[in-house]
Amino acid sequence: MSVHQEVKKVTTHQLQMMKNRGEKISMLTAYDYSMAKLVDAAGIDMILVGDSASNVMAGNETTLPITLDQMIYHTSSVTKAVSRAFVVADMPFGTYQGDSLEALRSAVRIMKEAGAHAVKMEGGSEIRESVERVLSAGVPVMGHLGLTPQSIYKFGTYTVRAKEEQEAQKLLEDAQLLQECGCFAIVLEKIPAELAKKVAETIAIPIIGIGAGQHVDGQVLVLHDMLGINKEFKPRFLRRYADLHTVITEAVQQYVTDIKNRDFPNEKEGY
Ligand code: KIV
């Protein structure tokens, strides 16, 4: 008998089966080996190596500055840690819009050099050619509609999208189009819950929400936000599952105090 326990990896097929049987799908971001190992072992279905790494890991104001090389670095750290979860990597701004061959080359690099299982791209009809070309190479693609942070300078704000009928209609059409192209799932970010419900009911592929209400097929959050590492960012959709800001601050303060008081290291902690 093998000493290795077989881990059943999550696949696009399994994600579709989850939607079909009404089982909700869980997704979180991760950008490094240690966090990805924890998140995977805790039973998450999908890990997103989001370009939110630009904000969370690099301290940039937007997701725009992160490069393909940086996304490959983060993604390869995550894939090395994961045994079960399905790993999706964001295609960074400027690596897929307007040039489908560049999109294909970027996606191939992410798959080949970082070992991702799929890529995510923001947008609908505007990026159709890129989505189709990447899919034609056998790379699973996740769509992303609603608030698309790579277009922040077009929107001007991070407020709820698609509240008006015209934008809601365009979002529905884009979701339909992404499904027809062959995307395996779509993220809907910060849109009215009723609209997200309509999309999840009319579209057969899994719809994963962030700030899109409870009637979608799964949820995604930024790990550092839900762990309470970041205190400043508190949108209504965010539920904090821990207060790591306090835990980490108190631990570091205690460490500093112990050193100053000559309490650390003690005799037993030396050689
Ligand atoms: O980059 C990211 O973290 C994302 C999620 C907010 C969906 O795209």
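Look up: the structure comes first, before these words.
The text that follows walks through the structure, step by step, so that each part is easy to find. Given the structure is predicted, the values throughout are model-derived calculations rather than measurements. (Residues numbered from 1 in each chain as written. Predicted model: local features only at pLDDT ≥ 70, side-chain atom pairs only at ≥ 80, totals over all residues. Heavy atoms only, no water.)

**Some thoughts on the packing of helix α8 (residues 165-181) against helix α9 (residues 193-202)**
Two numbers describe how α8 lies on α9: the axes approach to 10 Å, and their chain directions differ by 25 degrees. Classified by the interaxial angle, the pair formed by α8 and α9 is roughly parallel. Crossing angle aside, the handedness with which α8 passes α9 is right-handed. Across from Ala168, Leu171, Leu172 and Ala175 in α8, the residues of α9 making contact are Leu195, Lys198, Val199 and Thr202. For the contact of α8 with α9, the residue count by class is six nonpolar, one polar and one charged. (Axes fitted to C-alpha atoms, helices over the stretch in contact; angles between N-to-C directions. Helix = DSSP H or I, 4+ residues; strand = E, 2+ residues; numbered from the N terminus. Parallel < 35°, antiparallel > 145°, perpendicular 65-115°, else oblique. Left-handed = near helix turned anticlockwise from the far one by under 90°. Contact = heavy atoms within 4.5 Å. Nonpolar A, V, L, I, M, F, W, Y, C, P; charged D, E, K, R; others polar.)

**With respect to the side chain of Arg161**
Along the chain, the position of Arg161 falls in the loop between α7 (152-155) and α8. Take Arg161: its relative accessible area is 14%, and that puts it in the buried class. A distance of 3.1 Å separates a polar atom in the side chain of Arg161 from a polar atom in the side chain of Glu167. Not counting residues within four places of it along the chain, the set of residues in contact with Arg161 comprises Gly146, Leu147, Phe155, Glu167, Lys190, Ile191 and Pro192. (Buried < 20%, exposed > 50% of the residue type's maximum accessible area, 1.4 Å probe, protein only. Polar contact = N/O pair within 3.5 Å; in protein donor to acceptor, adjacent residues only side chain to side chain.)

**Re the site of the ligand**
Every residue lining the ligand is accounted for by Thr29, Leu48, Gly50, Asp51, Ser52, Asp90, Lys120, His144, Glu189, Ile210 and Val222. With respect to the ligand, the side chain of Ser52 contributes an N or O atom lying 2.5 Å from an oxygen atom. Between the ligand and the protein, one listed contact pairs an oxygen atom with a side-chain N or O atom of Lys120 at 2.9 Å. When the ligand sits alone it has 260 Å² of accessible area, and the protein chains cover 95% of it. Its residues assigned to classes, the shell around the ligand comprises three nonpolar, four polar and four charged. (Near = heavy atom within 4 Å. Areas by Shrake-Rupley, 256 points an atom, 1.4 Å probe, with all protein chains shown as cover.)

**What to know about the pattern of salt bridges**
Inspection of the entire model under this criterion finds 12 salt bridges. In this structure, Asp90 and Lys120 form a salt bridge, with 2.7 Å as the shortest nitrogen-oxygen distance. A residue pair is termed long-range when its members are at least 10 positions apart, and Asp90 in strand β3 (residues 86-90) and Lys120 in strand β4 (residues 118-122) qualify at 30 residues. In terms of burial, Asp90 and Lys120 fall into one category: buried. Of the charged contacts, one joins Asp174 and Lys170 as a salt bridge, the two residues approaching to 2.6 Å between their closest N and O atoms. Note that Asp174 and Lys170 are positioned in helix α8 at a spacing of four residues, about one turn of the helix. Salt bridges sharing common partners tie together Asp69, Arg109 and Glu113. (Salt bridge = Lys/Arg side-chain N within 4 Å of Asp/Glu carboxyl O.)

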